[in-house]
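As a plain string of letters, each chain reads:
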Amino acid sequence: MIQIKNIHKYFKTKEKVLHALQGIDLNIEAGKVFGIIGRSGAGKSTLIRMINLLERPDQGEVIVDGTDITKLSVDELRKLRHQIGMVFQHFNLLNSRTVLDNVIYPLRIAGVDKESRKARALELLKLVGLEDHVHKYPRQLSGGQKQRVGIARALATEPKILLCDEATSALDPETTQSVLALLNEINQKLGITIVLITHSMDVIRNVCDEVAVIDGGKIVELGEVVNVFLHPQHSTTKALLSESGVDADAWKLFSDNVHGDVIRLTYHGVAAAEPLLSHISRELELNLSILQGSVGKIKDTPFGQLVIVVNYPEHTPAEQAKAKMKAFFEEKNVDFEVLQA
Ligand SMILES: Nc1ncnc2c1ncn2[C@@H]1O[C@H](COP(=O)(O)OP(=O)(O)OP(=O)(O)O)[C@@H](O)[C@H]1O
């Protein structure tokens, strides 16, 4: 649905030329929630703004539904923007207009007749849970409510794509959760493709199907959220995960005091509900202890990652027991990694 091909963007200031996007390639499938994460200045805003051409690339193509939108005329681009809604970090509401009028506004611009635009706006305000606040002004709303107005407004012209530019960064954790749940609902109910940018791995974990990690204007890691969370490859991804409490290497703090093999088991989906550890421990007479672990869910997928210490029984050669254990876990689709032997 959205293909970004070899995008480059330069910002020229008096002192220097900044190469803000350095050859970005992305493929975003229809109906997905796609997250772009990176540190401040990495190029996230510049990249997401390429999708509706609020920012133009200096080189490369942005293809939406088969059309290279960099080649569109001003008129064609205006029409295309009705297909692409956008939600902003600081809401960007019209403060002198009511909640209802804020949502009606893009419909008026799109030339929708008076009665239909009011009906549509009311329907959207109901969808975002603000039906009791339609005649209020933005200053009378909480941050979370303001963002719900921003989301309703972005949905007014029935877009196929919703771009969220740090939509939850200005909100407290609880409100963030409720706005993320709303985005999830919109994705599921309306089938809208969502592209969001964020600093937070928790946001990615809660709503996204796929993620791109951007660093210094380049994509450094890309994939399904489950895989990127459980098997991060790039140092930036590992650092971002560690900051959100997912530090795959925390076990090293205890490694000097450990007697036995240290093994990491990683699993998701059905394996999360099976009593695998007690089964293998009984069968091979192993003594197991858990050194580090995290279990939970990534979007709708349960997952677990455990670092265990294994001691083998005296009467069985360790290598033989280890090979049996490895085969057992691999058969159950559990990733088995010896960290220290
Ligand atoms: N209009 C501009 N003129 C000059 N430099 C710019 C402009 N817009 C962005 N930049 C620079 O381009 C780089 C990427 O900026 P961008 O806003 O895309 O990063 P970001 O990852 O969204 O950061 P943040 O999380 O802080 O919003 C930064 O170094 C920024 O200073």
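Residues numbered from 1 in each chain as written. Predicted model: local features only at pLDDT ≥ 70, side-chain atom pairs only at ≥ 80, totals over all residues. Heavy atoms only, no water.

Participant: Tell me what's going on with the UniProt feature "domain: ABC transporter" (unreviewed entry) in the chain, and back it up with residues and numbers.
Facilitator: UniProt marks residues 2-241 with the feature "domain: ABC transporter" (unreviewed entry), using the numbering shown here. Overall, residues 2-241 shows 38% helix and 28% strand. The separation of its end C-alpha atoms is 27 Å. (UniProt positions renumbered as here; feature names shortened; annotations may be inferred. Helix = DSSP H or I, 4+ residues; strand = E, 2+ residues; numbered from the N terminus.)

Participant: Tell me about helix H4 (residues 114-127), and please be specific about residues and values.
Facilitator: The end-to-end C-alpha distance of H4 is 20 Å, a good match for the 20 Å that 14 residues give at a rise of 1.5 Å each. For H4, the set of buried residues is Arg117, Arg120, Ala121, Leu124 and Leu125. Along the axis of H4, the buried residues cluster in a sector spanning 135°; they form a single face. Those residues of H4 that are exposed and aimed more than 90 degrees away from the buried face are Glu115 and Lys126. Where H4 is buried, its residues contact helix H3 (99-109) and helix H5 (143-155). A distance of 3.3 Å separates the backbone nitrogen of glutamate 115 from a side-chain oxygen at the start of H4, and that oxygen is part of aspartate 113. Count one or two residues on from H4 and you reach glycine 129, which has phi positive near 80°. (Expected span 1.5 Å × (residues − 1). Buried < 20%, exposed > 50% of the residue type's maximum accessible area, 1.4 Å probe, protein only. Arc of directions from axis to C-beta. Contact = heavy atoms within 4.5 Å. Polar contact = N/O pair within 3.5 Å; in protein donor to acceptor, adjacent residues only side chain to side chain.)

Participant: Mind laying out the side chain of asparagine 52, listing which residues take part and the relevant values?
Facilitator: Looking at the secondary structure, you find asparagine 52 in the loop between helix H1 (44-48) and strand S4 (59-64). Judged by its relative accessible area of 4%, asparagine 52 falls in the buried class.

Participant: Which residues make up unusual backbone geometry, and what values do they have?
Facilitator: Of note, glutamate 285 is a non-glycine position whose phi angle comes to about 55°, a positive value. On the basis of relative accessibility, which here comes to 48%, the residue glutamate 285 falls in the partly exposed class. The phi angle at asparagine 333 is positive, at roughly 65°, despite the residue not being glycine. Looking at the secondary structure, you find asparagine 333 in the loop between helix H11 (318-331) and strand S14 (335-340). Classification of asparagine 333 by relative accessible area gives exposed; the value is 65%.

Participant: Describe the pattern of salt bridges, and please don't skip the residues or the numbers.
Facilitator: Counted according to the given criterion, the structure contains 15 salt bridges. Among the ionic pairs, glutamate 55 bridges to lysine 9, the shortest N-O distance being 3.9 Å. Remark: lysine 9 occurs in strand S1 (residues 2-12) and glutamate 55 occurs in the loop between H1 and S4; sequence separation between them is 46 residues. In this structure glutamate 55 comes out as buried when scored by relative accessible area, which is 18%. Given the relative accessible area of 9%, lysine 9 is considered buried. Residue lysine 322 pairs with aspartate 261 through a salt bridge whose shortest N-O separation is 3.2 Å. Of the two residues, lysine 322 sits in helix H11 while aspartate 261 sits in strand S11 (residues 261-268), which places them 61 residues apart along the sequence. (Salt bridge = Lys/Arg side-chain N within 4 Å of Asp/Glu carboxyl O.)

Participant: Before we move on, could you go through the nonpolar core and cite the residues and values that matter?
Facilitator: Residues Val103, Leu125, Ile151, Leu162, Cys164 and Ile204 are the most contacted members of the largest nonpolar core, which totals 51 residues. Residues contacting leucine 125, with those up to four places away along its chain left out, are Val99, Leu100, Val103, Leu130, Glu131, Val134 and Ala152. If you look at the next biggest cluster of nonpolar residues, it comprises 29 residues, including Ile28, Met50, Leu80 and Val195. (Core = buried A, V, L, I, M, F, W, Y, C linked by side-chain atoms within 4.5 Å.)

Participant: Provide a residue-level description of the sheet that holds S11, including the pertinent values.
Facilitator: Spatially, four strands are ordered S12-S13-S11-S14 in an open sheet, and the strand pairing comes out antiparallel. For this open sheet the edge positions go to strand S12 (287-298) and S14, each flanked by a neighbour on one side alone. On average, adjacent strands in this sheet sit at an angle of 15° to one another, irrespective of strand direction. Across eleven bridges, S12 lies against strand S13 (residues 301-311) in antiparallel orientation. Counterpart to glutamine 292 in the pairing with S13 is valine 307. Helix H10 (residues 276-284) rests against S11, S12 and S13 of the sheet, and its axis sits at about 160° to S12. (Pairing = 2+ DSSP bridges. Axes fitted to C-alpha atoms, helices over the stretch in contact; angles between N-to-C directions.)

Participant: Which residues make up the domain arrangement of the chain, and what are the values?
Facilitator: A common measure of how large an interface is: the accessible area buried when the components associate. On domain assignment, one finds that the chain holds domain 1 (2-243) and domain 2 (250-340). For domain 1 versus domain 2, the distance between C-alpha centres works out to 40 Å. Facing 14 residues of domain 1, the contacting portion of domain 2 comprises ten residues. Regarding the contact of domain 1 and domain 2, the summed buried area is about 890 Å², with carbon and sulfur atoms giving 62% of it. Here domain 1 and domain 2 share one salt bridge between them. Those elements giving two or more residues to the side of domain 1 that touches domain 2 turn out to be helix H6 (173-190), helix H7 (201-207) and helix H8 (225-230). Looking at the side of domain 1 that touches domain 2 element by element, the count peaks at five residues for H8. Here the side of domain 1 that touches domain 2 is built from residues that sort into seven nonpolar, five polar and two charged. (Domains from an automatic or database assignment. Buried area = accessible area lost by both parts, 1.4 Å probe. Nonpolar A, V, L, I, M, F, W, Y, C, P; charged D, E, K, R; others polar.)

Participant: Could you give me a rundown of the site of the ligand, with the residues and numbers involved?
Facilitator: The environment of the ligand is made up of Phe11, Leu18, Ala20, Arg39, Ser40, Gly41, Ala42, Gly43, Lys44, Ser45, Thr46 and His199. Within the backbone of arginine 39, one N or O atom sits 3.5 Å away from an oxygen atom of the ligand. Between an oxygen atom of the ligand and a main-chain N or O atom of alanine 42, the distance comes to 3.1 Å. Burial of the ligand by the protein chains amounts to 61% of its free accessible area of 630 Å². (Near = heavy atom within 4 Å. Areas by Shrake-Rupley, 256 points an atom, 1.4 Å probe, with all protein chains shown as cover.)

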